[in-house]
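Residues per chain, in single letters:
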Amino acid sequence: MSNTTKNEELKMVPAEGIAGKYISVCEDEQGRLQAIDIHDAESFNFGFDVVDVMAEKSPDKTAMLHISKDGKERRITFKDMMTYSNKAANYLQYLGVKKGDRVLLILKRHYQFWFTLVALHKIGAIAVPCSYLLTRKDFEYRFKAGSINAVVCTADGDVAAEVDKAAKNYMGLKAKLIVGGSREGWANYNRDIRFFSSTLKRSEDVSCGNDPALMFFTSGTTSYPKMAAHSHKYPLGHYITAKYWHQVDSEGLHFTISDTGWGKALWGKIYGQWLCEAPIFTYDYEEFFAKEILSMMEKYRMTSFCAPPTVFRMLVHVDMSKFDLSSLKNVSTAGEALNPEVFDKFYKATGLKIMEGFGQTETTLTIANLRGATPKPGSMGKPSPMYNVKLLHNGDVEAGKGETGEVCLDLRDGKPCGLFLGYYMDDEKTSAVMHDGYYHTGDTAYMDDDGYLWYVGRVDDIIKSAGYRVGPFEIENEIMKLPYVLECAVTSVPDKVRGQAIKASIVLTKGYTATDKLRKDTMKYLKTNLASYKRPKYIDFVDKLPKTSSGKIRRAEIKNKDWE
């Protein structure tokens, strides 16, 4: 699969390091990426062709610095990663897991996640990462939707018990492995893996290239999760993510905050980073504390950092001047749109501009502020050279400058590396988003005169009030400027006159109390700073906002309750 511009005059050169075998790039004189080409990847398997190659090239190089919840520090080398992924592969095969089987991974940030994921790639089983916050009902749905064959699960909390409850009505499981403890009816991962061989021969019929390797359940911000399937080429699509967006340093340390049940973990905690030969940092914490994260950045001299906007909203409420963050060279964010107010506060505190990006479970990094770009606060950036991005409305009409349209990917010249194969066992839902030569993301944006894209909202989030179409993000940005606002979500409510009215749900920062006066002050501020048709009619102070396991605000849940 080739992903490159049609301009044949561009000089393509191999990417740095081990990635150069499969990836060629073209950069301008300032090092800004102009084009990328992925080639010779029909036999690519990340386990053998990245992990094992790095184990031979740089066996003692740190692949991951892992800090457990009790503070224990582990430096895991690429040789370690090869050794234990081979042990895990042999262990899984012993338990009956084979090529094509689908294996649910519920492992929080345990280091065993990396051993197991790489092992599954090597034996050709399909990894299905999931959140540890799921319950019996969630697992019942996932078992059936994904035809799950095995589960590898943390011993922490009640999640294994929830799996057992769900498994009572599901006969498809051939193996259950528990990590970090023991449980009746489960294989003991930590105890048993040591008995298996650390060598694994690459089979002639190894799963690779366009074969399925990975499946994610989507975030489910507007509907029940779908199951997006990716091929073995998917990791190659994340070279841009790590090299030009995270701007990882092969001699530095990269930290992405994400639970392994979210696709963002594979954006920032393995694939692109190891293609760039860069070590990753993982902290297996139980509860997020901003000061604790900042202390670790200082202690371990991290060089690049990526986190969802929710994390940055918390960081800017801490006195960051108390921490030495001088090792940090680049910070980035994705998951939902970043409020300009947060961008400005972080820049004033650190001197670092947050490089925003956009992508989905179904894609790799699609739009971003890549290396060499000057980010505009609140903008997603410009389209990645990996994708041909179009803003469309009314089906197939391309939006003009400043005009809102749906973010779509042009597939008429073929599918780019990184785009999903489709929704597992659901041709109808696949066809609903991939048709007429385009993949429809369901997200809307507009492009300014400089080619930067600005997020407006999900198609389902657009509010139609008194004949106007209003995106929630613009209103949320204004609300976030208020010093007492930690987070907010703007949604629609029924209105007899307007059809829909605007409601703002606001979480207050510590030290503020919801009062009628505060509500009136908020209304007064918005009356001064927003056009009349954009002003919320209702202000609701809440303790917290509903979110997906990946940290995205579930506006649909707020909206549905109001409309019901």
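Everything that follows concerns the structure shown earlier in this document.
Visitor: Just to check I follow, could you spell out helix H1 (residues 46-57) for this structure?
Guide: The α-helix winds at 3.6 residues per turn, so residues separated by three or four positions along the chain end up facing the same way. For H1, a buried count of nine out of 12 residues is recorded, marking the element as mostly surrounded by other parts of the structure. Three or more residues of H1 are buried, namely Phe46, Gly47, Phe48, Asp49, Val50, Val51, Asp52, Met54 and Ala55. Those residues of H1 that are buried are in contact with helix H2 (78-94), helix H3 (112-123) and helix H9 (271-275). Where H1 begins, the capping side chain belongs to asparagine 45, and its oxygen is found 3.0 Å from the backbone nitrogen of glycine 47.

Visitor: Looking at this model, I keep getting lost on the sheet that holds strand S31 (residues 538-541). Mind explaining?
Guide: Taken in spatial order, the three strands of this open sheet run S29-S30-S31, and their pairing is mixed. Only two strands of the sheet have a single partner each, and these edge strands are strand S29 (485-495) and S31. Each neighbouring strand pair of the sheet contributes to a mean axis angle of 25 degrees, computed without reference to strand direction. Where strand S30 (residues 499-508) and S31 come together, four bridges link them in parallel fashion. Residue pairing for S31: isoleucine 506 is matched across the bridge by phenylalanine 541. Packing of helix H15 (residues 516-529) onto the sheet brings it into contact with S30 and S31, and relative to S31 it is tilted by some 135 degrees.

Visitor: Could you clarify how one ought to interpret empty space enclosed by the protein in this entry?
Guide: The probe, sized like a water molecule, is rolled over the atoms to show the empty space still left. Scanning the model with the defined rule gives three cavities of 30 Å³ or more in all. In this structure, the largest cavity spans a volume of roughly 130 Å³. Lining the largest cavity are 13 residues, and of these Trp262, Trp267, Gly359, Gln360 and Thr361 sit closest to its centre. Its residues assigned to classes, the lining of the largest cavity shows five nonpolar, six polar and two charged. A volume near 80 Å³ is recorded for the second largest cavity. Along the walls of the second largest cavity sit Arg313, Glu336, Ala337, Asn339, Phe473, Glu476, Met480, Glu487, Cys488, Ile553 and Arg555, which together make up its complete lining. Secondary structure elements with two or more residues in the lining of the second largest cavity: helix H14 (472-479) and S29. For the lining of the second largest cavity, the residue count by class is five nonpolar, one polar and five charged.

Visitor: For this particular structure, what's the right way to read unusual backbone geometry?
Guide: The phi torsion of most residues other than glycine is negative, and most of the peptide bonds are trans. Phi angles above zero are rare outside glycine, and serine 147 is one such case at about 45 degrees. Non-glycine residue methionine 425 carries a positive phi angle of around 55 degrees. Of note, methionine 425 is situated in the loop between strand S23 (422-423) and helix H13 (427-433).

What counts and what doesn't
Residues numbered from 1 in each chain as written. Predicted model: local features only at pLDDT ≥ 70, side-chain atom pairs only at ≥ 80, totals over all residues. Heavy atoms only, no water. Buried < 20%, exposed > 50% of the residue type's maximum accessible area, 1.4 Å probe, protein only. Helix = DSSP H or I, 4+ residues; strand = E, 2+ residues; numbered from the N terminus. Contact = heavy atoms within 4.5 Å. Polar contact = N/O pair within 3.5 Å; in protein donor to acceptor, adjacent residues only side chain to side chain. Pairing = 2+ DSSP bridges. Axes fitted to C-alpha atoms, helices over the stretch in contact; angles between N-to-C directions. 1 Å grid on protein atoms, 1.4 Å probe; cavity = no way out; pocket = protein on both sides within 12 Å on 5 of 7 lines; lining within 4 Å. Points joined across faces, edges and corners; volume = space filled by probe spheres on them. Nonpolar A, V, L, I, M, F, W, Y, C, P; charged D, E, K, R; others polar.

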